[in-house]
Structure formats: C-alpha cells, structure tokens
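This is what each chain is made of:
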Amino acid sequence: METRTLLKVRYAETDQMGVVHHAVYAVYLEAARVDFLEQAGLPYHLVEARGVRFPVVELGLTFKRPARFGEAVEVRTHLAEVSSRALRFRYQVLREGVLLAEGFTRHLCQVGEKASRIPEDILEALRVLHSG
C-alpha cells in the first residue's frame, strides 16, 4: 500500500534562501505517516488511546531539489518493514512528479514507558499493509 499526501509549503517553513528548511521535512513525513495510518484504517489517535506509541528512533533524508513557498508537494508513503517491535516507513517527496527528497523513519513500539512488542491485532493489520 502506498498513500499520497498533498501539502502546501507555508512561508514559515522556508529559510532565508526561500526554500523549505531541511528540518521541516521531518514534519512533512510525520503528517504523511499519520495520513497513511488513517487511510489504512489504523487512525494513530486511536492506537495512542490504547497506550501504544511508535516514537521515531531513526530518521534519514536525502535531498535532491528544493521546494519553495506556495508550491504543492506530495509525500508518497509506504510501510517498508514490520517486525514484532519495530516499523520502517519509506517516503518520497515530489513536486509535479519531480523527486525533491526521499527518506525513511524507523519506529519502536512503546507501551507505557517501555519498549514493547506490538499488540497482536495491530501487528496483524500492519503486516497486511506491508504485504498488500
């Protein structure tokens, strides 16, 4: 499964050179990841309501071209890996089909204050998304 999340670059997200600041891409990836889970039938706010969280433990980005204020960008998201305790998402950020950046995030499952196995029902739903 791959989702496509459309975002409009806001002025506050740009730097002195008029391009999207590199730190903003982490926010774009988060928005796309939450959208992915929502579209997949696993709304993150409902997962969190059960006390289950997936904090980011690793983030990687490669920048190809800049995005600028007022442009629409699309973030394509897919679940690249699923294990009993961790997830890895992969992303592409595009403008009109042109690749601007690509990257990944890795997440560990946390229940309460400690790392934990992903609850079985959530794990099964994620495995279906990964294989489908």
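Being a predicted model, the structure only gives us computed values, none of them experimental.

Q: I'm lost on the pattern of salt bridges in this one. Help?
A: A side chain with one charge can pair with a side chain of the opposite charge if their charged atoms come near. Under the criterion given, the structure shown has 11 salt bridges. Across the salt bridge formed by E13 and R10, the nearest N and O atoms sit 2.6 Å from each other. With relative accessibility at 6%, the residue E13 sits in the buried group. Given a relative accessible area of 53%, R10 falls into the exposed group. Where E74 meets R76, a salt bridge forms, and the shortest distance between an N and an O atom there is 2.8 Å. With respect to burial, E74 and R76 carry one shared label: buried. Through salt bridges with shared partners, a single ionic network connects E2, R4, E74 and R76.

Q: Just to check I follow, could you spell out the sheet that holds strand β8 (residues 114-115) for this structure?
A: Strand pairing in a sheet is mediated by backbone hydrogen bonds. Such pairs are either parallel or antiparallel. Across the sheet, which stays open at both edges, the 3 strands sit in the order β2-β7-β8 with antiparallel pairing between neighbours. The open sheet terminates on both sides in strands that have one partner only, identified here as β2 (52-53) and β8. Where β2 meets strand β7 (residues 110-111), 2 bridges bridge the pair, whose relative direction is antiparallel. Note that in β7 the partner of V52 across the bridge is V111.

Q: Any chance you could explain the packing of aromatic side chains here in plain terms?
A: Geometrically, a pair of aromatic rings is defined through the distance of the ring centres and the angle of the planes. Throughout the structure, instances matching the rule amount to 5 aromatic pairs. On the basis of an interplanar angle of 90 degrees and a centroid distance of 5.4 Å, the ring pair of Y11 and F69 is categorised as edge-to-face. Of this pair, Y11 sits in the loop between β1 (2-8) and α1 (24-39) while F69 sits in the loop between β3 (56-63) and β4 (72-82), and the two are 58 residues apart along the sequence. Given a relative accessible area of 61%, Y11 falls into the exposed group. When the ring of F36 is compared with that of F89, the centres are 5.5 Å apart and the planes differ by 80 degrees; the resulting orientation is edge-to-face. Of the two residues, F36 is situated in helix α1 and F89 in strand β5 (residues 86-95); the sequence distance between them amounts to 53 residues. No difference in accessibility class separates F36 from F89, as the two residues are buried. Among the aromatic residues, those joined into a cluster by ring pairs are Y25, Y28 and F63.

Q: What is the right way to read the pairing of β5 from this model?
A: Summarising burial for β5: 7 of the 10 residues are buried, a large majority. Pairing geometry for β4 and β5, over 8 bridges, is antiparallel. When the sheet's bridge partners are listed, H78 is paired in β5 with R90. With antiparallel pairing between neighbouring strands as the criterion, β4 and β5 make up a hairpin whose turn holds 3 residues. Relative to strand β6 (residues 98-108), β5 runs antiparallel, the two being bridged by 10 bridges. Note on β6: the bridge partner recorded for F89 is T105. The hairpin formed by β5 and β6 contains 2 residues between the paired strands, and E96 there has a positive phi angle of roughly 50 degrees.

The rules we used
Residues numbered from 1 in each chain as written. Predicted model: local features only at pLDDT ≥ 70, side-chain atom pairs only at ≥ 80, totals over all residues. Heavy atoms only, no water. Salt bridge = Lys/Arg side-chain N within 4 Å of Asp/Glu carboxyl O. Buried < 20%, exposed > 50% of the residue type's maximum accessible area, 1.4 Å probe, protein only. Pairing = 2+ DSSP bridges. Helix = DSSP H or I, 4+ residues; strand = E, 2+ residues; numbered from the N terminus. Phe/Tyr/Trp six-rings, centres within 6.5 Å; stacked < 30°, edge-to-face > 60°.

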